[in-house]
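Here are the chains, one letter per residue:
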Amino acid sequence: MTTRTTATARNENGQISHWVNGSEWKGDSNRFARVDNPATGRTLSKVHLASKADVNAVVSSSRMAFESWRHFSLRKRAEILLGFRELLVRHSGELAKIISSENGKTLADAAGEIERGLEVADFACGIAQLLKGGHSERVAGEVDTRSLRQPIGVVAGITPFNFPAMVPMWMFPIAIACGNSFVLKPSERDPSAAVVLARLFEQAGLPAGVFNVVHGDREAVDALLHHPDVAALSFVGSTPIARYVYETAASQGKRVQALGGAKNHMIVLPDADVAQAADAAVSAAFGSAGQRCMAVSVMVPVGEIADPLITAIAERVERLRVGEGTDPQTDMGPVISAKQVERILSLIESGLSEGARLVVDGRGLRVEGCENGYFLGACLFDHVTANMAIYREEIFGPVLNTVRCSSFDEALELVNANPYGNGAALFTRDGAAANRFEREVEAGMVGINVPIPVPAPFHSFGGWGDSLFGDTHIYGEEGVHFYTRGKVVTSRWTNAKAGADLGFQPAS
Ligand code: NAD
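Parameters at a glance
- Residue numbering note: each chain is counted from 1, following its sequence as written.
- At least 70 in pLDDT is required for a residue's local features to be given in this predicted model, at least 80 for side-chain atom pairs to be given and counted, and no such filter applies to totals for whole chains, interfaces and linings, which use all residues.
- Processing note: side-chain calculations cover all non-hydrogen atoms of the structure and skip hydrogens and water entirely.
- The numbering of helices and of strands both runs from the N terminus, where a helix is a DSSP run of H or I of at least 4 residues and a strand a run of E of at least 2.
- Here the radius of gyration uses the C-alpha set of atoms, whereas the globule reference equals 2.2 Å times the residue count to the power 0.38.
- A simple rule labels every residue: compare its accessible area, found with a 1.4 Å probe on the protein chains alone, to the largest value its type can have, and call it buried under 20%, exposed over 50%, or partly exposed in between.
- It only takes one pair of heavy atoms within 4.5 Å for two residues to be counted as in contact.
- Computed by Shrake-Rupley with a 1.4 Å probe, the accessible areas treat only the displayed protein chains as cover when residues are assessed.
- The charged-residue count follows a simple rule in which Lys and Arg add positive charge and Asp and Glu add negative charge, with His and chain termini not counted at all.
- To locate a charge, take NZ of a lysine, CZ of an arginine, CG of an aspartate or CD of a glutamate.
- When DSSP finds at least two bridges between two strands, those strands are taken to pair.
- Lines are fitted to the C-alpha atoms to define the axes, a helix being fitted only along its stretch in contact, and any angle between axes, read from their N-to-C directions, falls within 0 to 180 degrees.
- We call a residue near a molecule or strand when any one of its heavy atoms sits within 4 Å of it.
- Whenever a nitrogen or oxygen atom comes within 3.5 Å of another N or O atom, the pair is scored as a polar contact, on the condition that within protein one atom can donate a hydrogen and the other can accept it, and that pairs from neighbouring residues in sequence are kept only if both atoms are in side chains.
- Note on residue classes: Ala, Val, Leu, Ile, Met, Phe, Trp, Tyr, Cys and Pro are nonpolar, Asp, Glu, Lys and Arg are charged, and everything else, Gly too, is polar.
- Residue ranges assigned to the domains are those given by an automatic or database domain assignment.
- By convention in this document, the label disulfide applies to cysteine sulfur atom pairs within 2.5 Å.
- For any pair of parts, buried area is found by adding up, for both, the accessible area (1.4 Å probe) each one loses once the two are put together.

Across its full length, the chain carries 15 helices and 23 strands. The C-alpha atoms of the chain give 25 Å as radius of gyration, which agrees with the globular expectation for 508 residues (23 Å, within 12%). Along the first, second and third principal axes, the C-alpha set of the chain runs to 85 × 60 × 40 Å. Burial statistics for the chain: of 508 residues in total, 57% are counted as buried. Long-range contacts, defined as pairs at least 24 residues apart, comprise 72% of the intrachain contacts of the chain with a sequence gap of at least 6. When the accessible surface of the chain is split by element, carbon and sulfur atoms take 49% of a total near 20,900 Å². Seen as two clouds, the 48 positive and the 57 negative side-chain charges of the chain have centres 7 Å apart.

With that settled, consider the sheet that holds strand S15 (residues 357–360). Taken in spatial order, the 7 strands line up as S15-S16-S17-S14-S13-S19-S20 in an open sheet, and their pairing is mixed. At either end of the open sheet lies a strand with only one pairing partner, and these are S15 and strand S20 (445–448). For this sheet the average axis-to-axis angle between neighbouring strands, irrespective of direction, equals 20°. Relative to strand S14 (residues 296–301), strand S13 (residues 264–268) runs parallel, the two sharing 5 bridges. If you follow Val268 over to S14, its bridge partner there is Pro301. Docked against the sheet, helix H11 (residues 338–353) engages S15, strand S16 (379–382) and strand S17 (399–402), running at close to 25° with respect to S16. Across the sheet, helix H13 (residues 408–417) lies against S13, S14 and strand S19 (423–427), angled at about 175° from S13, the strand it touches most.

Right, let's talk about the environment of Ser288 for a bit. Of note, Ser288 is situated in the loop between helix H9 (274–286) and S14. Ser288 gets classed as buried once you look at its relative accessible area, which sits at 8%. Considered as a pair, Ser288 and Met332 are 44 residues apart in the sequence and their alpha carbons are 6.2 Å apart. In this structure Ser288 touches Lys105 and Asp109, once residues within four positions along its chain are discounted.

As a matter of local geometry, the ligand sits amid 28 residues, with Lys185, Glu188, Ser238, Gly260 and Glu394 nearest to it. The separation between an oxygen atom of the ligand and a polar side-chain atom of Ser238 is 2.6 Å. Here the ligand has 840 Å² of accessible area as a free molecule, and 89% of this is covered by the chains. Among the secondary structure elements, those contributing two or more residues to the shell around the ligand are helix H7 (218–226) and strand S11 (230–236). Split by residue class, the shell around the ligand holds 14 nonpolar, 9 polar and 5 charged. When we break the shell around the ligand down by domain, the ones giving at least three residues each are domain 1 (15–260 + 467–488) and domain 2 (264–448).

You can see Ile310 is positioned in helix H10 (residues 306–319). Judged by its relative accessible area of 6%, Ile310 falls in the buried class. Spatially, the C-alpha atom of Ile310 lies 8.0 Å from that of Asp382, the residues being 72 residues apart in sequence. If we skip the residues at most four places from it in the chain, Ile310 touches Met299, Val359, Leu380, Asp382, Thr402 and Arg404.

So, on to unusual backbone geometry. Note: most peptide bonds trans; most residues except glycine with negative phi. Residue Asn21 is not a glycine yet carries a positive backbone phi of 55°. Its relative accessible area of 45% is what places Asn21 among the partly exposed residues. Located in the positive-phi region is Ala289, a residue other than glycine, with phi close to 55°. As for its position among the elements, Ala289 is in the loop between H9 and S14. When its relative accessible area of 1% is taken as the criterion, Ala289 is described as buried.

This part is about the state of the cysteines. Summed over all chains, the structure comprises 0 disulfides. Between Cys178, a cysteine without a disulfide, and Cys125, which holds the nearest cysteine sulfur, the sulfur-to-sulfur distance is 13 Å. In this structure Cys370 is a free cysteine whose sulfur lies 19 Å from that of Cys379, the closest cysteine sulfur available.

What follows covers the domain arrangement of the chain. Along its sequence, the chain is organised into domain 1 (15–260 + 467–488) and domain 2 (264–448). Between domain 1 and domain 2, the C-alpha centre-to-centre distance is 31 Å. At the junction of the two partners, domain 1 supplies 21 residues and domain 2 supplies 25 residues. Across the domain 1 to domain 2 interface the summed buried area is about 1,900 Å²; carbon plus sulfur atoms make up 56%. Of all residues in domain 1, the largest losses of buried area upon contact with domain 2 belong to Pro38, Ala39 and Ser467, amounting jointly to 26% of the total for that side.

Here's what the structure looks like:
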């Protein structure tokens, strides 16, 4: 096993390998993807892209590890998780730097995602309580019934680039605590965090093979979707791929939860505090350069608050400092790739040609010393309508659209007509309006005066509509449910000889 510190996941050749059975493994494929620093445009390393044969080898290692891991006591599992937690806290600074260099987000943001991931690990440490099951004494005569939840085997996680540590941590601490083995296929664009997490977990005592990491693209994903030994799949990424993963894995008889993209609205009622709403909109729209599935991408001011709110947002947006994520002065880093910059620019063009007004134009921004980075300044659109491409498509960049509405009814109708339903927020001082919003809005996660309502780990995370395929949310008790299957044991212990009875389940 390698003794390398967490400071890098790269080997001596500058390559990032799979992590299988307790050590780095190159696999047999000679396909690679480039991993760039989005702030400089420079290539940091190359990551191996697994072939189908590579995935088969990884799953077979996971399958073997599962056979012994499932028998570990609950206490031992929790003890290893606690050790992992401690190690991750100790190494979180190094991990944040790795994330910032491959993803572009600020160091503070990277530290924040590690922290949110840790919360799920904390939750999973209570696995003994979570797997307690139920017991009914004397359901009939001498008969007792017990409900158990048992692990399902090898489970896979396929994750996006925007949270390379947190999203995997929504999955693997719970899956592994439940007694499964876990194969992580992280984004090939920022793959190092996954390897660091697996290495730390093993340093904490997790047996080799219980947490494997396989890098790859569609070929690796397809191999996981079709592998007979993969019992369940958790996917987080864009909606078209989420739909594909859901349909393909389900048709193979697998349990699947596939979280997709989003278009999160923030309604601001006329009675809201303008400064508070403006601060919230700017943080939620431009944090991580808008590359959060819970980012607010559509602001919906109702009535006369629109003008002062847009002015307050514009003032704040113009003050944002855009630069390298590793610079502590930076508010907003680059987006993930040159291709994504081009895509966003073409959407902005379409918004202008369709009649939206660009109040703050972040195009053409130049970051000194980072001229080849994938930067785009924050953009604010006003007078956007629901038929425009900038409204219909998930932009996933630093662009905030404003759709003005004249009433709360109209605003709520707009939100509910949108095919996505990840998060939705309302800013108001009116309790009755808040109550109505909570009851009637068609979204899985709702914020009242909270722009990014990411649930705490003892609740669960998931959207509605095109933001989630499958019926189980991720983490929380729903996560425990997803990564286990039910078994109900009915038992009778008696010395009485009742004689044969052909009746069906006598009641007493
Ligand atoms: P993506 O869909 O491009 O990639 C996600 C994963 O799927 C990656 O591991 C990638 O390698 C794999 N993949 C990509 N193309 C594939 C294909 N054709 N076949 C099979 N697998 C494929 O997403 P991304 O660009 O990495 O991440 C951004 C997206 O993720 C946004 O749409 C964002 O809203 C979404 N997201 C959603 C949530 C949520 O909780 N709902 C959280 C984070 C990100």
